[in-house]
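Report on the structure
Take a look at the letters that make up each chain.
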Amino acid sequence: MTFKAPDSLAEQIAHHLAERIIRGEMKPGERIQEQKVTLALNVSRGSVREALLILERRHLIAILPRRGAHVTELTPHKVQSLCTLMSELYILLGNSVANGWQVQSDMAPFVQIQQRLTASFERQDIRSFVDDSFSVMRAAYPFANNPYLQETVENMQPAMSRAYFLALEQRKASMSEFLELFERLLAAVLARDLPQIRIVLTAYAQRSCDLVVSALTVA
């Protein structure tokens, strides 16, 4: 059994604020006032400050001298930069699974995720579909066995979630396309075909980027 300590108060506050930012309830450029958060959540100011540092590390806010904490802007350039980086991180994880699986049962978590993705597609449940898209990378962590890679991906994931949330309606039309990409990815991993893994994950990242940039243009 793997021990997981409960989230600290600061982590809980950070999660609460992150969800508001990801869902668009807190707008780009909006200031986050420590005192208001402290009073609203009935927590200490020190915990709020620690939570804001967590959010800054996760690229959801910027803390500027004499200006305090503000929700970061989401621009086409930032989205493209984020997708380019995440593409390489996903490829590292995909290669780790391809090189690390030994028996068919090692791939069971990914097959289960594929089944959930299919079920979400059939229900047209885009939020569950996006959530399980991120489950793929977490299922790959044990194969990578790289705490630095895991920490980096986890810190970038909220920014990706925010971008995906903006493009939820656009992604609905592309769910079948993403399902096909995931099927191709599983086949490449089973074949230990590293060049094909790169091709599939690069295509996935670029398609995701295009949808988010399109949503930004509409917004």
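Residues numbered from 1 in each chain as written. Predicted model: local features only at pLDDT ≥ 70, side-chain atom pairs only at ≥ 80, totals over all residues. Heavy atoms only, no water.

An unreviewed UniProt entry annotates the chain as Transcriptional regulator, GntR family originating from Pseudomonas helmanticensis.

Attention now moves to the overall build of the chain. Within the chain, the secondary structure is distributed over 10 helices and 3 strands. N-terminal to C-terminal, the α/β element order of the chain is α-β-α-α-β-β-α-α-α-α-α-α-α. For the chain, the C-alpha radius of gyration of 18 Å lies close to 17 Å, the compact-globule estimate for 219 residues. Each principal axis of the C-alpha atoms in the chain carries an extent, and together these give about 55 × 45 × 30 Å. (Helix = DSSP H or I, 4+ residues; strand = E, 2+ residues; numbered from the N terminus. Rg over C-alpha atoms; globule rule 2.2 N^0.38 Å.)

Bringing the nonpolar core into the picture now. Buried together is how nonpolar side chains tend to be arranged in soluble globular proteins. Ranked by internal contacts, the top residues of the largest apolar core, which has 52 residues, are Met86, Tyr90, Leu93, Phe110, Val153, Met160 and Val189. Counting only elements with at least two residues in this core, the list comes to helix H4 (76–100), helix H5 (108–123), helix H6 (126–144), helix H7 (147–166), helix H9 (175–190) and helix H10 (194–218). The residues contacting Leu93, other than those within four sequence positions of it, are Met137, Ala140, Tyr141, Ala144, Leu149 and Val153. In this structure, Leu17, Ala18, Ile21 and Leu55 belong to the second largest nonpolar core, which totals 19 residues. (Core = buried A, V, L, I, M, F, W, Y, C linked by side-chain atoms within 4.5 Å. Buried < 20%, exposed > 50% of the residue type's maximum accessible area, 1.4 Å probe, protein only. Contact = heavy atoms within 4.5 Å.)

Another point: unusual backbone geometry. For residues besides glycine, phi is generally negative; the peptide bonds are generally trans as well. Here the phi dihedral of Asn42 falls at roughly 55°; this positive angle occurs in a residue that is not glycine. Locating Asn42 in the fold gives a position in the loop between helix H2 (34–41) and helix H3 (45–57). Overall, Asn42 belongs to the exposed group, its relative accessible area being 71%. The backbone of Asn145 shows a phi angle near 50°, a positive value even though the residue is not glycine.

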